[in-house]
Structures are given as structure tokens and as C-alpha cells.
Amino acid sequence: MEKILIQPLTAHAFAPFGDVLEVAGTPDKMINEGLCGRYHDRAALDFGPDGRAGISIFDAKPRALPYELHLLERHPEGSQAFIPMHGQAWLVIVAPDAGGRPGKPLAFRATGAQGINFHRATWHGVLTPLAAPGLFAVVDRIGETPNLEEYRLDRPYLISAGP
Ligand SMILES: NC(=O)N[C@@H](O)C(=O)O
Ligand code: NI
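The present account deals with the structure reproduced in this document. (Residues numbered from 1 in each chain as written. Chains lettered and ligands numbered in written order. Predicted model: local features only at pLDDT ≥ 70, side-chain atom pairs only at ≥ 80, totals over all residues. Heavy atoms only, no water.)

## What to know about the coordination of the nickel ion (ligand 2)
- All of the protein donors around the nickel ion (ligand 2) are E73 (OE), H75 (NE2), Q80 (OE1) and H124 (NE2); their distances to the metal are 2.1 to 2.2 Å.
- One can describe the donor arrangement at the nickel ion (ligand 2) as octahedral, given that its 6 donor atoms subtend angles of 72 to 176 degrees at the metal.
- Read in sequence order, the donor residues coordinating the nickel ion (ligand 2) give the pattern E-x1-H-x4-Q-x43-H. Of this pair, E73 sits in strand 6 (residues 67–74) while H124 sits in strand 11 (residues 123–124), and the two are 51 residues apart along the sequence. For the pair E73 and H124, a shared accessibility class is recorded, and that class is buried. (Donors = N, O, S within 2.8 Å, 3.2 Å for Na, K, Ca; no water. Tetrahedral: all angles 85-135°; square planar, octahedral: opposite > 155°, others 65-115°. Helix = DSSP H or I, 4+ residues; strand = E, 2+ residues; numbered from the N terminus. Buried < 20%, exposed > 50% of the residue type's maximum accessible area, 1.4 Å probe, protein only.)

Structural data, given as C-alpha cells:
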């Protein structure tokens, strides 16, 4: 099985796939009588012409490392944001598009203080906590038309923390 090494999640490395939601640098504005820094409008949300924004709560089973990656998916009609509600490190897997199927994946370790927003149609692994409770707020498209394309890999990858 080909091994994919997990790398730290950074806004720069994740930029081709989406946005990282984190406190970084100075706040865009100070609010609440100077007691709160607002990091304003940090994600490119997109729900398509016939969808709307929804917030759901996911309670996902933690996965162990090394993690066998068999499935990638994408949402052609909108973005999808995962915001941890547990303060633990978790795994984010993405892949470039290669002619309508996922290319070689990348794996990132997110801290419990980092959320992400997949841009529309970004190939990604499903929500992957690494510790319990796997609780996340999820902001994505609510609509009547299908918004999930899955791709089962012929050969799984092994997502690993080390060589
Ligand atoms: N299917 C669903 O709601 N969740 C997936 O999109 C996922 O990325 O976990
Ligand atoms: Ni998804």
C-alpha cells in the first residue's frame, strides 16, 4: 500500500483545496468593547443557486493511525466546512482532481483549534476524528438535488504519521 505522510495543516498548503479556519495574525477587528478579536469572513462559502446554508452536528467515530484510505468524495454543488467541537487533533484528507477522479491524496493533521472549509467539488476524505468525542459542527449545502459524488479507490492508501 502506498503511504501518505501526514503533514501539519497550514493555510498555505491547504489553499488549493479550501480555507483553514483559525486564529492567525492580528484580528481583522476588535469587538465587544475590545474583549474579542474578530477574524472576519475567513471562508469562501458556496451553496449554489438552488441550495441554502445549513449547520449540522456530526458525531463521528474516531479512527486510528495508520489509517487505510479507501474512499474519497466531493460535493459538486457546494462547499463544506468542518469545525471541531472537542479540542483534539483530527485528520483532513484532500486530493486534486485528475480528469474527474481523485489524484494522489494529501493528509493534514489539524489541531483542535483549526477548522476547514472545502471549496466546492474538492475531493476529500470523510470527516476523520482521531480521538473521542468526534464532535464537529458542519456548515454545508442543504438542497433538494444530489450533492455527493463518491470514488472508491482500486488500491487504498495508508495514511501515516511517520515513515
Ligand atoms: N456525507 C456527509 O454528510 N459527510 C461527508 O460529506 C463528509 O465529508 O464527511
Ligand atoms: Ni464531505
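Okay, back to it.
## Section: the site of ligand 1
- If you check the shell around ligand 1, you find F58, E73, H75, Q80, F82, H124, V126 and L127 and nothing else.
- Contact between ligand 1 and E73: an oxygen atom at 2.5 Å from a side-chain N or O atom of the residue.
- Interatomic distance of 3.1 Å between a backbone N/O atom of L127 and an oxygen atom of ligand 1.
- Bound to the protein, ligand 1 loses 74% of the 260 Å² it would expose on its own.
- When grouped by side-chain class, the residues that make up the shell around ligand 1 number 4 nonpolar, 3 polar and 1 charged. (Near = heavy atom within 4 Å. Polar contact = N/O pair within 3.5 Å; in protein donor to acceptor, adjacent residues only side chain to side chain. Areas by Shrake-Rupley, 256 points an atom, 1.4 Å probe, with all protein chains shown as cover. Nonpolar A, V, L, I, M, F, W, Y, C, P; charged D, E, K, R; others polar.)

## Details of the nonpolar core
- Core analysis: the largest hydrophobic core is formed by 16 residues, its most contacted members being L9, F14, F82, W90, V92, I116 and F118.
- Within the residue set of this core, elements represented by two or more residues are strand 8 (90–95), strand 9 (106–110), strand 10 (115–118) and strand 13 (134–143).
- Sorting elements by how many residues they give to this core places strand 8 first, with 3 residues.
- L91, I93, A95 and Y157 belong to the second largest nonpolar core, which has 15 residues in total. (Core = buried A, V, L, I, M, F, W, Y, C linked by side-chain atoms within 4.5 Å.)

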